[in-house]
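What follows is each chain in one-letter form.
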Amino acid sequence: MSDLPATSLAFAFLQAARIDSAVFAGQSLADGLLARVDAVVRPAVQDLVYGSLRCYGRGDFFLSRLLASPLAAEEVRALLLVAIYRLESRPDAAHTVVDQAVAAAGELAEGRFRGLVNGVLRNFLRQQEALRAAVATDAIAQAQHPGWWLARLQKAWPGDWQAIVAAGNAPPPMALRVNRRRSTRDEYLARLAAEGIVATPVGEVGLALAKPIAVERLPGFAAGLVSVQDPGAQLAATLLDPLPGSRVLDACAAPGGKTAHLLERAELDLLALDVKSSRCRRIAENLTRLGLHASLQAADCARLDTWWDGRPFDAVLADVACTASGVVRRNPDSKWLRREADIANFAAAQSRILDALWQVVRRGGKLLYVTCSVFPEENGEQINHFVANRPDARRAHEEQILPAAAHDGFYYCLLEKHA
C-alpha cells in the first residue's frame, strides 16, 4: 500500500520503479506486470516503464557517473532510472519531477534514500550537458542495446544495424487490420475520419494511424470491425494464402491475430494450437469479438502424438517463438533480459518445430515459417539447414523485413512440399 495520491506523478513513479525492479530481477513485462496496476494510472505508468527500459543503457550510464558506488537497493535504483527518463523526456517540468521522485522514494526502504534521490537527480540536472556529451564515448549508452546484441547486428547487417537500433529505441507505430467480413477498409477509414482519427492505407487491409490511441477510442472495435496488428505481421496471412475450404494449422497461434486474419480472408477448416490453455483462451476471446471460429487446442506443436489425428494439412503457419529482436521496441525489457546463448536455444527449438510440422503438411501443401527476429541464426540459416536435409522442401518465397518507422521486423519463408 502507499499513502501517495493515486493520481500523482509520485505514485506513477513508485509503480514504474517496482515494475522495472521486477524486470531487473528477471521477470518479463509479458508476465502481466502492468496488468496489476490500476487501469486509471496504467497509461502513465506504462509510459514510464517502457520509456525507462528503452533508455536503460543510457540511464545506467548516467547512474554510473552520478553514484559513488553501485546502489544495492534495486527499487531505488529503478526509481532513479525512471526519474532520469522523465527529466530527459519532459525537461520543462524538472522541479516537479525531482519533487515527485523524492516523494516516491519516501515509500521505499523506509524512506532512507530520499536524500540520495534528491541529490542524484539535482546533480544530473547540473551535469546533464557533460553527461550527455559523454554518452558518445560509450557504445552501449549511445545505442541503448547490450554489447553482444550490437555486435550481432553489426556482423549480420553492416549497412543497416544503426537503423535497426534506432527503430528499436523508438516508440512503436500503431496499425489496424480491418475485418473484411464486417467492413471494408474505405468504410472504416471514413469512420475514423468522422472521429478525427488520422490514418492511411497500408498493405492489403491495413491502416496506419498517425499516432497511437487507446483501443477504446477505435469505432466498432468491440464489435469486431478492426484489430490492432503491425503491417509486417499482416503479411503472414497474405503469404500463406490458403484456398477457401483448406485444412489449415496455426501451430503457435496466441494471441490469435494471424489466426483471425486467415479466417477473415477465407472460410477455412482451421486448427489453432498453443502450448498454454490461458493463451488459447485469449485466442478464443479474439475470435469471438471478430465473429470467427476455429478449433482450439492447448498442445506443444512439436509433440505430434499429443494432438495430431493423422490427417495432413494443406497449409501450416509456424510463427515460432524467437528472440523477438525485430519487435524490441514493443518489448523493451527483452533487450536486457536476453542473453547471447538464447539465440542458439531458440534456434534449436525452432528446428524441432520445423521437423515436426513438416510431417503434417500434405504433399503439394505449404508451410510458412515466421519469426519476429533479425538474427540470421533464427531465420535464413535455420531454413538453409532445413532445406539441405529435406529434398522434398522448396523455398517458394523468402523475405527479411527489417524494423523501420512504419513496421516491425519479421522473417518469412514459404516452403512448398513436393507432390
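Heads up: the structure comes first, above all this text.
A quick note: this is a predicted structure, and the numbers were derived from the prediction, not measured.

(A) Region of the structure containing the overall build of the protein chain. When you go through the protein chain residue by residue, the secondary structure sums to 16 helices and eleven strands. Overall, the C-alpha framework of the protein chain stretches about 70 × 50 × 40 Å when taken along its three principal axes. As presented, the protein chain carries roughly 18600 Å² of accessible surface, and 51% of it is formed by carbon and sulfur atoms.

(B) Representation of the pattern of salt bridges in the model. In total, this model carries 25 salt bridges according to the counting rule given. Among the salt bridges present, the one from Arg279 reaches Asp274, with a minimum N-O distance of 2.7 Å. Classification of Arg279 by relative accessible area gives partly exposed; the value is 32%. For Asp274, a relative accessible area of 5% gives the class buried.

(C) Inspection of the environment of Gly232 at higher detail. Checked against the element boundaries, Gly232 lands in the loop between strand S4 (226–228) and helix H11 (235–240). The buried category is assigned to Gly232, whose relative accessible area is 3%. Along the chain, Gly232 and Gln15 lie 217 residues apart, while their C-alpha atoms are 33 Å from each other. Apart from residues lying up to four places away in sequence, Gly232 is in contact with His407, Phe410 and Tyr412.

(D) Focus on helix H1 (residues 9–24). Given a rise of 1.5 Å per residue, 16 residues ought to cover 22 Å, and the 22 Å separating the end C-alpha atoms of H1 matches this to within 8%. Burial runs high along H1: 14 of the 16 residues are buried. Gly26, located one to two residues past H1, shows a positive phi value of around 115 degrees.

(E) Spatial organisation of helix H5 (residues 94–105). For H5, built from twelve residues, the straight-helix expectation of 16 Å at 1.5 Å per residue is met to within 8% by its first-to-last C-alpha distance of 16 Å. Residues of H5 that are buried include every one of Ala94, Val97, Val98, Gln100, Ala101, Val102, Ala104 and Ala105, and no others. Taken together, the buried residues of H5 touch H1, helix H4 (74–89) and helix H6 (114–135).

(F) Looking closely at the packing of aromatic side chains. Under the defined criterion, the tally for this structure stands at eleven aromatic pairs. Taking 5.2 Å as the distance between ring centres and 45 degrees as the angle between the ring planes, the aromatic pair formed by Phe24 and Tyr56 counts as tilted. Of the two residues, Phe24 is situated in helix H1 and Tyr56 in helix H3 (residues 56–66); the sequence distance between them amounts to 32 residues. Take Tyr56: its relative accessible area is 13%, and that puts it in the buried class. The structure contains a cluster of three or more aromatic residues connected by ring pairs, namely Phe24, Tyr56 and Trp336. In this structure, Arg77 is placed above the aromatic ring of Phe24, and the distance from its NZ or CZ to the ring centre is 5.5 Å. The ring of Phe313 has Arg247 sitting right over it, with the charged end atom 4.0 Å from the ring centre.

(G) Quick look at the state of the cysteines. Applying the stated criterion to the full structure yields zero disulfides. Left unpaired, Cys280 is separated from the closest cysteine sulfur, that of Cys252, by 11 Å.

(H) Seen up close, the packing of H3 against H6. At a closest axis distance of 10 Å, the pairing of H3 and H6 adopts a crossing angle of 115 degrees. By the angle between their directions, the pair H3 and H6 is classed as roughly perpendicular. Here H3 runs over H6; the crossing is right-handed. Touching Arg58, Phe61, Phe62, Leu63, Arg65 and Leu66 of H3 are Val120, Asn123, Phe124, Gln127, Leu131, Arg132, Ala134 and Val135, all from H6. Of the residues assigned to the contact of H3 with H6, the class counts are nine nonpolar, two polar and three charged.

(I) Quick peek at the sheet that holds strand S8 (residues 313–319). With mixed pairing, seven strands are arranged side by side in an open sheet as S7-S6-S5-S8-S9-S11-S10. Looking at which strands have only one partner, the edges of the open sheet turn out to be strand S7 (295–298) and strand S10 (393–401). Across the sheet, the mean angle separating the axes of adjacent strands is 15 degrees when strand polarity is ignored. Direction of pairing for strand S5 (residues 247–250) relative to S8: parallel, over a ladder of three bridges. Counted as the bridge partner of Asp250 is Leu317 from S8. Of the strands in this sheet, S5, strand S6 (269–274) and S8 touch helix H12 (residues 257–265), which is tilted by about 175 degrees from S6.

Calculation notes
- Residues numbered from 1 in each chain as written.
- Predicted model: local features only at pLDDT ≥ 70, side-chain atom pairs only at ≥ 80, totals over all residues.
- Heavy atoms only, no water.
- Helix = DSSP H or I, 4+ residues; strand = E, 2+ residues; numbered from the N terminus.
- Areas by Shrake-Rupley, 256 points an atom, 1.4 Å probe, with all protein chains shown as cover.
- Salt bridge = Lys/Arg side-chain N within 4 Å of Asp/Glu carboxyl O.
- Buried < 20%, exposed > 50% of the residue type's maximum accessible area, 1.4 Å probe, protein only.
- Contact = heavy atoms within 4.5 Å.
- Expected span 1.5 Å × (residues − 1).
- Phe/Tyr/Trp six-rings, centres within 6.5 Å; stacked < 30°, edge-to-face > 60°.
- Lys NZ or Arg CZ within 6 Å of the ring centre and 35° of its normal.
- Disulfide = S-S within 2.5 Å.
- Axes fitted to C-alpha atoms, helices over the stretch in contact; angles between N-to-C directions.
- Parallel < 35°, antiparallel > 145°, perpendicular 65-115°, else oblique.
- Left-handed = near helix turned anticlockwise from the far one by under 90°.
- Nonpolar A, V, L, I, M, F, W, Y, C, P; charged D, E, K, R; others polar.
- Pairing = 2+ DSSP bridges.

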